[in-house]
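Reading the structure
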Amino acid sequence: MEESEESRRWVTVREIREHFSLDISASSAISGFLQRNYSGTYMSFPYRVERIERVLIDARPHPQTIKKYLIAKRPGTMRKRLPRAEPDQIPEIHVQIFTDHDAVEHFDRVLRIKYAQENMQE
């Protein structure tokens, strides 16, 4: 969306897989992420799923139903960070809090690395 400067766009899981050069085994994870984003789980993610539609593809002899997701850029990404305790204050706490935002950043980083590696091989 940033490349085409669109504020919203219809996408399918297949289009996302092809854009990031992922195999078919990633489909359920992508679909689950988009479904959870639609229900409002990932408030820190810069895009939101506004609508989900089922589309019947008349591919003879086996028609198929797929989902389309209307993706829109959030007006202002909410990046809420929880305050971290200093080790001096509470010596028992040494674990960092891993938020949804951190998970999305990690997911994006993995996809960028995979995309870069595949482009280097070509």
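Residues numbered from 1 in each chain as written. Predicted model: local features only at pLDDT ≥ 70, side-chain atom pairs only at ≥ 80, totals over all residues. Heavy atoms only, no water.

Scanning the protein chain for helices and strands turns up three helices and three strands. Helices and strands appear in the protein chain in the N-to-C order β-α-α-β-β-α. When each of the 122 residues of the protein chain is scored for burial, the buried share is 22%. Partitioning the intrachain contacts of the protein chain with sequence separation of at least 6 by distance along the chain shows that 51% fall at a separation of at least 24. On the protein chain, roughly 9600 Å² of surface is accessible, and the fraction owed to carbon and sulfur atoms is 53%. (Helix = DSSP H or I, 4+ residues; strand = E, 2+ residues; numbered from the N terminus. Buried < 20%, exposed > 50% of the residue type's maximum accessible area, 1.4 Å probe, protein only. Contact = heavy atoms within 4.5 Å. Areas by Shrake-Rupley, 256 points an atom, 1.4 Å probe, with all protein chains shown as cover.)

A few words on the nonpolar core. Counting residues in each nonpolar core, the largest one holds 16 residues, and the members touching the most others are I30, F33, L34, F45, Y69 and I71. Sort the elements by how many residues they give to this core and helix 2 (residues 27–38) lands first, with three residues. (Core = buried A, V, L, I, M, F, W, Y, C linked by side-chain atoms within 4.5 Å.)

Attention shifts here to the side chain of R17. With respect to the helices and strands, the residue R17 is situated in helix 1 (residues 13–19). Despite its burial, R17 pairs with no opposite charge, the nearest such side chain being E18 at 5.6 Å. Setting aside its immediate chain neighbours within four residues, R17 contacts L22, D23, I24, S27 and I30. (Lys, Arg positive; Asp, Glu negative; His and termini not counted. Salt bridge = Lys/Arg side-chain N within 4 Å of Asp/Glu carboxyl O.)

We now examine the packing of aromatic side chains. Scanning all chains against the criterion turns up three aromatic pairs. Each ring, one from F33 and one from F45, has its centre 5.1 Å from the other, and the planes form 85°; the classification is edge-to-face. With a gap of twelve residues between them, F33 in helix 2 and F45 in the loop between helix 2 and strand 2 (47–57) connect regions that are remote in the sequence. There is no split in this pair, since F33 and F45 are both buried. Across the ring face of W10, the terminal group of K68 is positioned such that the distance to the ring centre comes to 4.7 Å. Its end group placed over the ring of Y47, K73 keeps NZ or CZ at 4.9 Å from the ring centre. (Phe/Tyr/Trp six-rings, centres within 6.5 Å; stacked < 30°, edge-to-face > 60°. Lys NZ or Arg CZ within 6 Å of the ring centre and 35° of its normal.)

As a further point, take the sheet that holds strand 2. Strand order in this open sheet of three strands is 1-3-2, and the pairing throughout is antiparallel. The sheet is open, and its two edges are formed by strand 1 (8–11) and strand 2, each paired on a single side. Strand-to-strand twist of the sheet, defined as the mean angle between neighbouring strand axes without regard to direction, takes the value 20°. Pairing analysis gives ten bridges linking strand 2 to strand 3 (residues 64–73), with the strands arranged antiparallel. (Pairing = 2+ DSSP bridges. Axes fitted to C-alpha atoms, helices over the stretch in contact; angles between N-to-C directions.)

Moving on, we get to helix 3 (residues 100–121). Look at helix 3: 32 Å from first C-alpha to last across 22 residues, which is about the 32 Å you get at 1.5 Å a residue. Here helix 3 has its buried residues at H101, D102, V104 and L111. Buried residues along helix 3 sit against helix 2. (Expected span 1.5 Å × (residues − 1).)

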